[in-house]
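Examination of the molecular architecture
Now for the letters of each chain:
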Amino acid sequence: MKTETQLIPPGSNALARRSFLSAAAATGLSLGVVACADKKSEGAAVPASAPATTAPHGAANVHLKPGELDSYYGIWSGGHTGDMRVLGMPSGRELLRIPCFVPDALVGWGITNESKAIMGTKPNGDLRYNVADTHHTHASYKDGNYDGRYAWINDKINARVARVRLDYFICDKITQLPNVQGFHGIFPDKRDPVDQAINYTTRVFCGGEFSIPLPNTGTEDASQYRSMFSCVDAETMEVRWQVLIDGNCDLVATSYDGKLAATNQYNIEMGAHYEDMMSAERDACLFFNIARIEAAVKEGKFKTVGKSKVPVVDGTRESNKDPKTALTAYVSVPKNPHGVNASPDGKYFVCSGKLSPTCTVLELTKVLDWFDGKLEKLDAAIVAEPEVGLGPLHTTFDGRGNAYTTLFLDSQVVKWNVDAAIKAHAGDKTAKYVVDRIDVHYQPGHLSATHGETMAADGKYLAVGCKFSKDRFLPVGPLHAENEQLIDISGEKMVLLADHPVRGEPHDFIIFKRDLVKPKQVYSLDDFPNAIKDPKESGVFRQGKKVTVKMTSQAPAFSLREFKVKRGDVVTLILTNLDKIEDLTHGFAIPNYNVNFIVNPQETASVTFVADEPGVFWCYCTHFCHALHLEMRTRMIVEA
Ligand code: K7E
Ligand code: CUA
Ligand code: CA
């Protein structure tokens, strides 16, 4: 989310924070005293002057003892690194990086044939893309809560969506959306809109942020550009359909009944430059009637665009004026909104204002009423517009009726009560909706409470992704770590628990209870069609210039002590790790041949290369596996 930084004169916000800090430094002296005194009298009131960041009460202990396990998993988007990161929460310890869109040196992602097949290659076998920009990650649902099957993550640059299996914690499929640039928001549905008996995720919705000529002819006139909202099948990962829209898509939310999806729009102006994109006073939250779209596709009421065969239905304003047949509904909301988030009671979507100091609360039954012709004015779906502070970006929930919104410009998280905001909007002057505010360090983007976007929201922890960490960590040159902060939200007041540096730049994350996933730690040989199940099957098999080398690993040896190929051979080396014990991973590297990958217990992986350099090459195990790990080698002899 870069928009704000462009709108603020460089450094001005940094200066504001700096002066805030120097003011706080004076009170900082007394804080130590507060903390000390507090140890003596448990439960003593925190002086009102003490910043919430040091409130010592009720704070959950995030410092786990050695060997103690976390109670939650966190799934973090990796940003430029194109991976998904797995954290233990509340400790914030990083446990794993799951490579998706970008090569990874530990796993050999982008090196092995298996990973390249998932990532996508050019006709010459090279990877199609080496860059990515992941923003949003969400998991599959059942009965309104995560079911531990899948998680999805987007690549904004190349309009790709990756699926991660949460049994093996690996990426198993990547799909590129046709006719989309700047694929931003992503959200799985939570129930089937057509067959309500199907109470789990079957679709993943994807918002196209940048409008482009469709088909992309290179037209300069931006008024001709359009964006697409796409639906991907959760199982096959094929693109089911797309909706052509006016304006753009940004973040995406889905309803618990499966009937509605929505995207916030910041560019209804369809401007090509930022000043054009903020010329209108209001933009929109755009709703999609999923069952009607699926019916239109079934009835053949669609076109296709360019080379793509994906059905495209018409969701533009002009074609959707009649509520009785409309596929889409454009609800007008204040200027350039950001995230849209679904409340755990299933009743509301909340659009955060960004350039407006408000959040917009939309009641979903009213939107459905409009589609049914029972609500005359779509605007009546807006049931609250609480004033929360400057630069509202994203909202999460505690399951107790409270919403938490990040304020990018105020460097705060604000806690507000949804019902009270609705009462205030209806004219009740006594309704106070802001419950609490807490300073964060520094500009916050996404935030996510434990199970915050499920019906099982438990209101325990809240993570905040702060885009600028400035002075919170040891300086390491010009590139700063980002600061993921953890806040205890179990009480009335928010309590800051911890800072965690993260490598840029994660954007988005979800946190769920650890017993939701049942990770498998050993593969099955049957998972791999090319598995070498017996070391006796090892050997060098030649078909003209094509050579297949079959090998197994069992600590501390590879099944072949040496293998010979000829210069110019196209070699495919298949390695199966026959070790069955959990945690017994081997690596396989070939010097000068750009090969290094791992094989986990009972896993098979392969690489293909041209043996263009003659000589002796010590292929060795790169993953510590045994006391004789260094001795675990084989020789590739390439004959001239
Ligand atoms: Cu930066 Cu979710 Cu891409 Cu908001 S987005 S911060
Ligand atoms: Cu096998 Cu190290
Ligand atoms: Ca706008």
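Notes on the structure in this doc start here. Every chain begins its residue count from 1, and numbering advances along the sequence as written. Here the convention is simple: chains get letters from A, ligands get numbers from 1, in the order in which they are written. This being a predicted model, a pLDDT of at least 70 is required before a residue's local features are given, and a value of 80 or more before pairs of side-chain atoms are given or counted; all residues contribute to the totals for chains, interfaces and linings. Here the side-chain values reflect all heavy atoms present in the structure, with hydrogen atoms and water set aside.

Next up on the list: helix H6 (residues 364-371). Turning to H6, its buried residues number three or more, namely Leu 364, Val 367, Leu 368, Trp 370 and Phe 371. Along the long axis of H6, the arc covered by the buried residues comes to 155°, so they all point the same way. We call two residues in contact when some of their heavy atoms are within 4.5 Å. Only DSSP runs of H or I covering at least 4 residues are called helices, and only runs of E covering at least 2 are called strands; the numbering of each starts at the N terminus. Its buried side turned inward, H6 meets strand E13 (260-265), strand E14 (282-289), helix H5 (290-298), strand E16 (328-334), strand E18 (348-352) and strand E19 (359-363). Just downstream of H6 lies Gly 373, where phi reads positive at about 75°. Here's how the labels work: a residue is buried when its accessible area is under 20% of the maximum for its type, exposed when over 50%, partly exposed in between, all with a 1.4 Å probe on protein chains only. As used here, the arc is the angular range of directions from the helix axis to the C-beta atoms.

The next point concerns the coordination of the calcium ion (ligand 3). Around the calcium ion (ligand 3), the protein supplies Tyr 266 (O), Glu 269 (OE), Glu 269 (OE), Met 277 (O), Asp 283 (OD), Asp 283 (OD) and Asn 336 (OD1) as donor atoms, at distances of 2.2 to 2.7 Å. Here the donor residues for the calcium ion (ligand 3) map to a single chain with the spacing Y-x2-E-x7-M-x5-D-x52-N. Asp 283 gets classed as buried once you look at its relative accessible area, which sits at 2%. Coordinating donors are taken to be N, O and S atoms lying within 2.8 Å of the metal, or within 3.2 Å when the metal is Na, K or Ca; because water is excluded from the atom set, some sites may appear incomplete.

With that settled, the discussion passes to the pattern of salt bridges. Two side chains with opposite charge may pair up if their charged atoms get near one another. One side-chain nitrogen of Lys or Arg within 4 Å of one carboxyl oxygen of Asp or Glu is enough to make a salt bridge. Applying the stated criterion across every chain, the model contains 27 salt bridges. The salt bridge partner of Asp 70 is Arg 93, with a shortest N-O separation of 3.2 Å. Here Asp 70, found in the loop between helix H2 (12-40) and strand E1 (72-77), pairs with Arg 93, found in strand E3 (residues 93-99); they are 23 residues apart in sequence, far enough to count as distant. Its relative accessible area of 36% is what places Arg 93 among the partly exposed residues. Between Arg 149 and Glu 235 there is a salt bridge, and its shortest N-O distance comes to 3.1 Å.

As a further point, take the sheet that holds strand E22 (residues 402-407). Taken together, the four strands give an open sheet; going across it, the order is E21-E22-E23-E24, and neighbouring strands pair in antiparallel fashion. Because the sheet does not close on itself, it has two edges, and the strands there are strand E21 (392-397) and strand E24 (434-439). Pairs of neighbouring strands in the sheet enclose a mean axial angle of 20°, with direction left out of account. Strand pairing is assigned whenever DSSP detects at least two bridges linking the two strands. With five bridges connecting them, strand E23 (residues 412-417) and E24 associate as antiparallel partners. The residue bridging Trp 416 from the neighbouring strand is Val 434, located in E24. Lines fitted to the C-alpha atoms define the axes, with helices restricted to the stretch that makes contact. Angles between their N-to-C directions range from 0 to 180 degrees.

For strand E11 (residues 239-245), a buried count of five out of seven residues is recorded, marking the element as mostly surrounded by other parts of the structure. Connecting strand E10 (residues 227-233) to the antiparallel partner E11 that follows it, the hairpin turn spans five residues, and Met 237 within it adopts a positive phi of roughly 65°.

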